[in-house]
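Observations on the model geometry
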Amino acid sequence: MSDNDESSEETSNLSPSEIEELQRKNCVFCHIASGKVPARKVYEDDVCLAILDINPAGPGHVLLMPKQHYTVMFNVPEDVLGHVFIIAKALSQAGLKALQAKGSTIFAANGVAAGQRAPHFMLHVIPRTPSDGVGLYIPSRALPEKQAEQIAAALATALGGRKGEAPVDATPAKQDSGQKGETAPEVKQDDPKQGKTSGKKSDAIDLDAIASLLAKEGK
Ligand SMILES: [Zn+2]
């Protein structure tokens, strides 16, 4: 964006909420969420929106975001974030089903240091096949024992008392069906027919609709 310098000068006298308002006004993903800017929607509910990336890494590369403007993951309320990840799971399964993908890469560029370019937090869900040539370079380095100990301790301290307890209100209300933790059905990768169970307990996620939209785009 060429007018970045201008806006940073403008923002120097603004309050945090005014800055946020300005960000929202200039955020193309907020405009997509409100319908002002067109996009190829794959999934939408009250909380989040999934669209096809206009320059995808591969067929079915989806950008999944909260409709509200949150710049980085830190700002996203836990119930919203939990919901977004549930939809990421559904989109991932839809890619397996509709596009014959064999896996999915799901990532967030969280912060400028991580390569984040858009000011609106989102997840990328990329259907994968073994030979798709999509690269995600994660180096594999040596980790000396002492350093491992220090790093693990530092992270544990930073996490505070959070010892594996479920975040409060982070999951949508569940029906009491005795299948705890299963919010979307598993689909076997090598058997597309298995996806038919989607209506059972889907929290209103229409997996078949997502899959058919993805399938159209993949052709
Ligand atoms: Zn936004």
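Note that the structure is a prediction, hence the values are computed from the model and not measured.

Turning our eyes to something else, we now look at the environment of Glu21. Structurally, Glu21 is set in helix α2 (residues 16-25). Look at Glu21 and you get partly exposed, because 13 C-beta atoms sit within 10 Å.

We now examine the sheet that holds strand β1 (residues 41-44). Overall, antiparallel pairing links the five strands, which are arranged β1-β2-β3-β5-β4 in an open sheet. Each end of this open sheet is capped by a strand with a single partner; those strands are β1 and β4 (103-107). For this sheet, the mean angle separating the axes of adjacent strands, direction not counted, is 20 degrees. Here β1 runs beside strand β2 (residues 48-52); their pairing, made up of three bridges, is antiparallel. Each residue of the ladder has a partner; that of Tyr43, found in β2, is Ala50.

In low-pLDDT segments, the atomic positions of the prediction should not be examined closely. For the protein chain, mean pLDDT is 80; residues scoring 70 or higher make up 71% of the total. Across residues 1-7, confidence stays below pLDDT 50; counting only partners more than four residues off in sequence or on other chains, it has one contact. Throughout residues 170-203 the model reports pLDDT below 50, and contacts reaching past four residues in sequence, or to other chains, amount to 36 contacts.

The next point concerns the pairing of β2. Extensive coverage of β2 is indicated by the burial of four of its five residues. Turn length for the β1-β2 hairpin, with the two strands adjacent in sequence and antiparallel, is three residues.

Rules of the game
Residues numbered from 1 in each chain as written. Predicted model: local features only at pLDDT ≥ 70, side-chain atom pairs only at ≥ 80, totals over all residues. Helix = DSSP H or I, 4+ residues; strand = E, 2+ residues; numbered from the N terminus. Buried ≥ 20, exposed ≤ 12 C-beta atoms within 10 Å, placed from the backbone. Pairing = 2+ DSSP bridges. Axes fitted to C-alpha atoms, helices over the stretch in contact; angles between N-to-C directions. pLDDT = per-residue confidence, 0-100. Contact = placed C-beta atoms within 7 Å.

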